[in-house]
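As a plain string of letters, each chain reads:
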Amino acid sequence: MNLLVNRKLMIQFVLIGIVILFYDVMLHAMFSIVHIAFEWLELTLDHIIEHIFHTDRQQSQIIVFYLLWLIAFYGLYRICRALPGIYNRLKEQLFAICLQCKSYLIEYCRDQSSVQKIKWLTFFIVGLSCLVFITFS
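Definitions and cut-offs
Residues numbered from 1 in each chain as written. Predicted model: local features only at pLDDT ≥ 70, side-chain atom pairs only at ≥ 80, totals over all residues. Heavy atoms only, no water. Helix = DSSP H or I, 4+ residues; strand = E, 2+ residues; numbered from the N terminus. Rg over C-alpha atoms; globule rule 2.2 N^0.38 Å. Buried < 20%, exposed > 50% of the residue type's maximum accessible area, 1.4 Å probe, protein only. Areas by Shrake-Rupley, 256 points an atom, 1.4 Å probe, with all protein chains shown as cover. pLDDT = per-residue confidence, 0-100. Salt bridge = Lys/Arg side-chain N within 4 Å of Asp/Glu carboxyl O.

Trainee: Account for the overall build of the chain, naming residues and giving values.
Mentor: Counting its regular elements, the chain contains three helices and zero strands. For 137 residues, the compact-globule formula gives about 14 Å, and the C-alpha radius of gyration of the chain, at 29 Å, lies well above that figure. Once the C-alpha set of the chain is aligned to its principal axes, its extents read approximately 85 × 45 × 40 Å. Relative to its full complement of 137 residues, the chain shows a buried share of 5%. By element, 75% of the accessible surface of the chain is carried by carbon and sulfur atoms, the whole surface being about 12800 Å².

Trainee: How would you sum up the confidence of the model for the chain? Please name residues and give values.
Mentor: Note: predicted coordinates in regions of low pLDDT should not be interpreted at a detailed level. Summary statistics for the chain give a mean pLDDT of 91 and a share of 96% for residues scoring 70 or more. Per-element confidence in the chain is highest for helix α2 (residues 57-111), whose mean pLDDT is 94, and lowest for helix α1 (residues 2-53), whose mean pLDDT is 88.

Trainee: Run through unusual backbone geometry, naming residues and quoting values.
Mentor: Here the phi dihedral of H54 falls at roughly 55 degrees; this positive angle occurs in a residue that is not glycine. By the element assignment, H54 lies in the loop between α1 and α2.

Trainee: So, the pattern of salt bridges: which residues are in play, and what are the values?
Mentor: Following the criterion strictly, the structure yields one salt bridge and no others. When the shortest N-O distance is used, the salt bridge between E107 and R110 registers 4.0 Å. With a gap of three residues between them, E107 and R110 both fall in helix α2, about one helical turn apart. Overall, the relative accessible area of 42% leaves E107 in the partly exposed class. Look at R110 and you get exposed, because its relative accessible area is 62%.

Structure, rendered in structure tokens:
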């Protein structure tokens, strides 16, 4: 069992390394594949419209152009309809995370001795002073 866990961990490390080393090549390849798929879809729609409606190439390209715009606008419409709900869910999750973090920090502060609190305050003041000095000098 331990050998299997080590093997899975090693495979994960190798895959993460490959992604880190070749992210730009993989990203370019992914965009190329998406572009080729889009062109293939457009050409297929051209041929289908030419066959069904007995149009020439220019007319079918115009029809496909406006059809793709219609699909894009419908997608944008659906996204705009979904965004308020997504925003509200994210806002509630962020609020819950902030409350949890705040309660954790308050509890941590209560557990510290006075000497530790003075150390934290000194560290904060020195850090803030350095930040102000670097920013305004």
